[in-house]
Amino acid sequence: MEKIMRIMGQWDEKRLGFPYKDILVYVVLFFFMPPACLRFLDGMKMVNSVLGLGRYLITAVALCEFCLSRRSRRENNHVFFWMVSIMSLLMIVTMKMNGTIYLTAALSCITVIGWVIFNAKLFFQDRERLLLYYERFLFVGLLLHFLSQLIFKGGMTLGSGGKIFFLGAKNNMTVYVILYLLAYLLQEKTMKRKNMWNYLFFAMVDIFVIVNKSATSILIVVCVQFFWILMANLSRWPIAVKGLRVTAIAAIGIIVLFFAIEIWCGSHMFISGMLAGLFHKNVTFSGRKAIWALAVSFIAQFPYWGQGLDVKYDPWGNGKYVYSAHNTFLDLGVKYGFFMMILYAILTVTVVLSVYKWKEEKKGIILLAINIALLAAFQMEALAGTYPAWMILLLSYLLVKERNIREKITGEKGSGLFKKNTTEAKPDTGQTDGENGAKACAES
């Protein structure tokens with residue numbers, strides 16, 4: 001197994017004349033992030049089974065490498081990996097205790113660990129290339145979702161969430177947009193481009209989210225654009241740094257208060273009326289208030305092990321069931337218990353605080369905006385079990401902690417995204433990051 005992974009890292013695409021490794025990565029991304037419409041279209045049962053089997057096999061390979069490769073263990077020897085591993089195993093335990101465990105659900109919990117190992121390997125081989133993989137993959141997905149909304153006005157099919165398009169219901173698009181923004185904006189080449197090209201990029205994303213008609217998606221794109229404008233004009237507007245600090249603290253504070261007052265306690269905040277009016281919604285947030293209240297009552301009834309996976313909400317008493325709490329933390333609490341909800345909140349806070357420390361740097365500003373956008377999306381949708389959401393948190397953590405983790409892997413002092421390199425420049429060996437990663441793996 002180790003030999004196979006080493007050969008993969010040493011592939012020379014120019015010599016072979018075919019980008020085997022690139023295609024392999026895109027195949028893996030497709031297995032873990034397939035278009036959600038496949039779950040609802042007729043005749044796709046076999047396809048979904050093959051995709052699930054592919055995720056299990058990829059996870060098995062990743063876990064074998066983790067056990068056999070010292071480098072892989074060093075790459076994943078950090079707080080994020082161990083918290084994800086503990087949470088995944090605890091999910092299996094809670095499903096066993098609440099009586100809703102079945103094989104595929106348990107295996108899906110384990111695949112999250114394999115997903116983290118796989119992405120960490122690619123990240124430390126070539127961070128820029130990994131971000132480019134996600135940018136291209138998500139661009140195709142979002143473009144096809146956009147086209148499906150233009151072509152199929154009534155949806156490609158219907159599901160419990162309403163009209164289903166390429167990436168699923170309109171609210172499913174939010175987490176893909178956030179990950180797409182992260183993958184594009186955090187690349188080195190993006191920071192070196194003229195602002196005009198980046199504004200054209202935002203214009204394209206704006207068109208995507210406007211056609212999607214999801215208020216959450218529009219809100220998070222506006223949030224990231226606001227922070228991008230501040231970042232792009234830091235040298236011209238010195239006051240922007242101070243404004244960023246105040247804005248970031250205020251945004252995080254509002255999100256926390258919104259969860260505590262509006263969602264958990266069921267009361268009303270002044271800002272709720274403003275947001276509802278801005279997006280032409282009512283103060284129930286499209287009926288979410290009733291769902292949140294029911295979710296809180298479920299957590300109170302089953303605080304330790306939760307109700308399990310097969311939870312149906314009937315918040316309006318008319319027989320129209322909803323199968324999600326429409327809030328990331330409440331959804332975890334209902335399914336797996338209060339303790340799991342707290343663990344995920346701790347993981348999220350750990351990542352956000354790590355990012356906040358780098359708020360004075362340009363890329364730190366963008367990463368902070370993306371994490372604030374993710375926190376806002378968490379309030380409206382249940383995203384904890386989605387692979388894109390795990391990826392946003394993982395990339396945010398690795399981008400900030402890259403310098404420290406890389407030193408543990410190689411024993412060398414390198415420069416991360418947010419710190420200047422204080423060591424002497426090394427001579428150019430003509431090797432790519434992937435070749436250097438493969439060499440270090442072989443040496444380990």
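Residues numbered from 1 in each chain as written. Predicted model: local features only at pLDDT ≥ 70, side-chain atom pairs only at ≥ 80, totals over all residues. Heavy atoms only, no water.

S.K.: Lay out the overall build of the chain in plain terms, naming residues and giving numbers.
M.R.: Scanning the chain for helices and strands turns up 20 helices and 2 strands. Total accessible area on the chain is roughly 20,900 Å²; 65% of this is exposed by carbon and sulfur atoms. (Helix = DSSP H or I, 4+ residues; strand = E, 2+ residues; numbered from the N terminus. Areas by Shrake-Rupley, 256 points an atom, 1.4 Å probe, with all protein chains shown as cover.)

S.K.: Requested: an account of unusual backbone geometry, with residues and values cited.
M.R.: Of note, K213 is a non-glycine position whose phi angle comes to about 65°, a positive value. Looking at where K213 falls in the secondary structure, it is placed in the loop between α11 (195–212) and α12 (215–232). A residue is classified by how much of its surface remains accessible, and K213, at 61% relative accessible area, is exposed. Phi at H326 is positive, roughly 55°, even though this residue is not glycine. Mapped onto the fold, H326 is located in the loop between α15 (288–301) and α16 (328–336). (Buried < 20%, exposed > 50% of the residue type's maximum accessible area, 1.4 Å probe, protein only.)

S.K.: Residues and numbers for the nonpolar core, please.
M.R.: Most often, soluble globular proteins have nonpolar side chains that are buried together. Counting residues in hydrophobic clusters, the biggest one holds 136 residues, and the most contacted among them are F80, Y134 and L185. Contacts of L185, omitting those with residues within four sequence positions, involve T190, M191, F201, F202, V224, W228 and I366. (Core = buried A, V, L, I, M, F, W, Y, C linked by side-chain atoms within 4.5 Å. Contact = heavy atoms within 4.5 Å.)

S.K.: Mind laying out α15, listing which residues take part and the relevant values?
M.R.: With 14 residues, α15 should cover 20 Å at 1.5 Å per step; its first-to-last C-alpha distance of 20 Å lies within 8% of that length. Of the residues making up α15, those classed as buried are R288, K289, I291, W292, A295, V296, F298 and I299. (Expected span 1.5 Å × (residues − 1).)

S.K.: Describe the confidence of the model for the chain, naming the residues involved and giving the relevant values.
M.R.: Confidence along the chain averages 83 in pLDDT terms, with 81% of residues attaining 70 or more. Looking over the chain, one finds the lowest element-wise mean pLDDT in helix α20 (residues 433–443), namely 43, and the highest in helix α8 (residues 127–151), namely 96. Note that residues 413–444 has pLDDT below 50 and, in this model, 51 contacts with residues that lie over four places away or in other chains. (pLDDT = per-residue confidence, 0-100.)

S.K.: An account of helix α9 (residues 173–185) is needed here, citing residue identities and associated values.
M.R.: Across its 13 residues, α9 extends 18 Å between first and last C-alpha, which sits within 8% of the 18 Å expected from 1.5 Å per residue. The buried fraction of α9 is high, at 13 of 13 residues.

S.K.: Summarise the packing of aromatic side chains; cite the residues concerned and give the values.
M.R.: Two aromatic rings, taken as a pair, are described by how far apart their centres are and by the angle between their planes. In the structure shown here, the tally under the stated rule is 24 aromatic pairs. Relative to Y133, the ring of Y26 lies with its centre 5.4 Å away and its plane at 85°, an arrangement referred to as edge-to-face. Placement of the pair is Y26 in helix α3 (residues 20–32) and Y133 in helix α8, with a sequence separation of 107 residues. Taken together, a centroid distance of 5.6 Å and an interplanar angle of 80° make the contact between Y344 and W390 edge-to-face. Separated by 46 residues along the polypeptide, Y344 in helix α17 (residues 338–356) and W390 in helix α19 (residues 387–410) bring together distant segments of the chain. Taken as a pair, Y344 and W390 share a single burial class, namely buried. An aromatic cluster is built from F259, W264, F329, F338, Y344, F378 and W390, whose rings are joined through pairwise contacts. Over the ring of Y321 we find K312, and its NZ or CZ is 4.5 Å from the ring centre. (Phe/Tyr/Trp six-rings, centres within 6.5 Å; stacked < 30°, edge-to-face > 60°. Lys NZ or Arg CZ within 6 Å of the ring centre and 35° of its normal.)

S.K.: A description of the packing of α9 against α11 should follow, citing residues and the corresponding values.
M.R.: The geometry of α9 relative to α11 is characterised by a closest axis approach of 12 Å and an angle of 175° between their N-to-C directions. Viewed along their axes, α9 and α11 adopt a mutual orientation that is roughly antiparallel. Each of M173, V177, Y180, L181, Y184 and L185 in α9 lies in contact with α11, whose residues at this interface are W197, N198, F201, F202, M204, V205, F208, V209 and N212. (Axes fitted to C-alpha atoms, helices over the stretch in contact; angles between N-to-C directions. Parallel < 35°, antiparallel > 145°, perpendicular 65-115°, else oblique.)

S.K.: Before we move on, could you go through the side chain of S214 and cite the residues and values that matter?
M.R.: Mapped onto the elements, S214 comes out in the loop between α11 and α12. For S214, a relative accessible area of 1% corresponds to the buried category. In this structure, S214 is in contact with K170, N171, T174 and V209, ignoring residues within four places of it in sequence.

S.K.: If you had to explain the pattern of salt bridges to someone new, which residues and values would you point to?
M.R.: A side chain of one charge can pair with a side chain of the opposite charge if their charged atoms are brought near each other. Tallying each qualifying case throughout the model produces 11 salt bridges. A salt bridge links R129 to D22, with the shortest nitrogen-to-oxygen separation between them at 2.8 Å. Residue R129 is found in helix α8, and its partner D22 is found in helix α3; the two are separated by 107 residues along the sequence. Using a relative accessible area of 16% as the deciding quantity, one classes D22 as buried. Among the salt bridges present, the one from K289 reaches E262, with a minimum N-O distance of 2.9 Å. Within this pair, whereas K289 is found in helix α15, its partner E262 is found in helix α13 (residues 239–264), the two being separated by 27 residues in sequence. Its relative accessible area of 1% is what places E262 among the buried residues. (Salt bridge = Lys/Arg side-chain N within 4 Å of Asp/Glu carboxyl O.)

S.K.: Provide a residue-level description of the packing of helix α7 (residues 103–125) against α8, including the pertinent values.
M.R.: Put simply, α7 and α8 touch, their axes get as near as 5 Å, and they point 125° apart. Put simply, α7 runs oblique to α8. Side by side, α7 and α8 meet where W115, N119, L122, F123 and Q125 of the first sit next to R127, L130 and Y134 of the second. Taken together, the residues of the contact of α7 with α8 sort by class into 5 nonpolar, 2 polar and 1 charged. (Nonpolar A, V, L, I, M, F, W, Y, C, P; charged D, E, K, R; others polar.)

S.K.: Could you give an account of a nonpolar patch on the surface, with specific residues and numbers?
M.R.: On the surface, a cluster of nonpolar side chains totalling about 500 Å² of accessible area is made up of V140, L144, L147, L150, I151 and F152. Within the secondary structure, V140 is located in helix α8. (Patch = residues over 30% accessible without salt bridge, like charges linked within 9 Å, V, L, I, M, F, W, Y side chains within 5 Å.)

S.K.: I'd like a rundown of the environment of M95, residues and numbers included.
M.R.: Here M95 shows up in helix α6 (residues 79–98). In contact with M95, not counting residues within four places along its chain, are T100, I101, A105, A106, C109, L309 and Y336.

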